[in-house]
Amino acid sequence: MPLITVSYTSSRQSPSLKADIASAVSELTAKILRKDPKVTAIIVKPIEAGDWFAGGKSLAEQKLASYWIDIHVSEGTNTKDEKAAYLAAMFRRMGGILGPLHPETYLHVDEVKGDAYGFGGLTQERRYIAGKLEVAPEKP
């Protein structure tokens, strides 16, 4: 259900780099935030290191990598501790994939109201209500 956008820069290049990023993001999102990979969409966008500035210098000059991960999830589905663990685990994993990371590397968990977010033409609130109706106890 989450929509995740990963913008990144790195001097490392390989034919599988985008797939490696998407795989790591999907795995950690499922493991830590409990999001089903079957309904997780990930967009991976490279940015030239010369176009990415942190601390007043381009990352090309600094010979460092970075990323900006923006993930949209339904409000209230994850705890503060889960989000903190996700951010830390992602920093470690992405550093292994992209190389040494600039400290100004970001991840944003955007919690969206269930009535304002969804996929397949249904809001998350509608899916929640439908799920509750399916498991509601029978009346005597």
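Residues numbered from 1 in each chain as written. Predicted model: local features only at pLDDT ≥ 70, side-chain atom pairs only at ≥ 80, totals over all residues. Heavy atoms only, no water.

**Student:** I keep staring at unusual backbone geometry and nothing clicks. Help me out?
**Tutor:** Note on backbone geometry: most residues besides glycine have negative phi, and most peptide bonds are trans. Unlike most non-glycine residues, Arg-34 shows phi in positive territory, near 60°. Looking at where Arg-34 falls in the secondary structure, it is placed in the loop between α1 (17–33) and β2 (41–46). Phi is positive for Lys-63, close to 55°, though the residue is something other than glycine. Counting through the fold element by element, Lys-63 comes out in the loop between α2 (59–62) and β5 (66–74). Lys-63 sits in the exposed class, given a relative accessible area of 71%. (Helix = DSSP H or I, 4+ residues; strand = E, 2+ residues; numbered from the N terminus. Buried < 20%, exposed > 50% of the residue type's maximum accessible area, 1.4 Å probe, protein only.)

**Student:** Where do I start with the side chain of Lys-35 in this structure?
**Tutor:** Among the secondary structure elements, Lys-35 is positioned in the loop between α1 and β2. One buried charge, Lys-35, has no salt-bridge partner; the nearest side chain with opposite charge is Glu-82, at 7.1 Å. Of the polar contacts made by the side chain of Lys-35, one reaches the side chain of Asn-78; its length is 3.1 Å. With sequence-adjacent residues up to four places away left out, Lys-35 is seen in contact with Pro-2, Thr-29, Ala-30, Thr-40, Val-73, Thr-77 and Asn-78. (Lys, Arg positive; Asp, Glu negative; His and termini not counted. Salt bridge = Lys/Arg side-chain N within 4 Å of Asp/Glu carboxyl O. Polar contact = N/O pair within 3.5 Å; in protein donor to acceptor, adjacent residues only side chain to side chain. Contact = heavy atoms within 4.5 Å.)

**Student:** Would you mind going over the environment of Leu-17 with me for this structure?
**Tutor:** In this fold, Leu-17 is placed in helix α1. Judged by its relative accessible area of 6%, Leu-17 is buried. The sequence separation of Leu-17 and Pro-46 amounts to 29 residues, and the corresponding C-alpha distance is 9.9 Å. Among all residues touching Leu-17, those that are not within four sequence positions of it are Tyr-8, Arg-12, Ile-97 and Leu-98.

Read these as layout, nothing more, since geometry by itself doesn't imply function.
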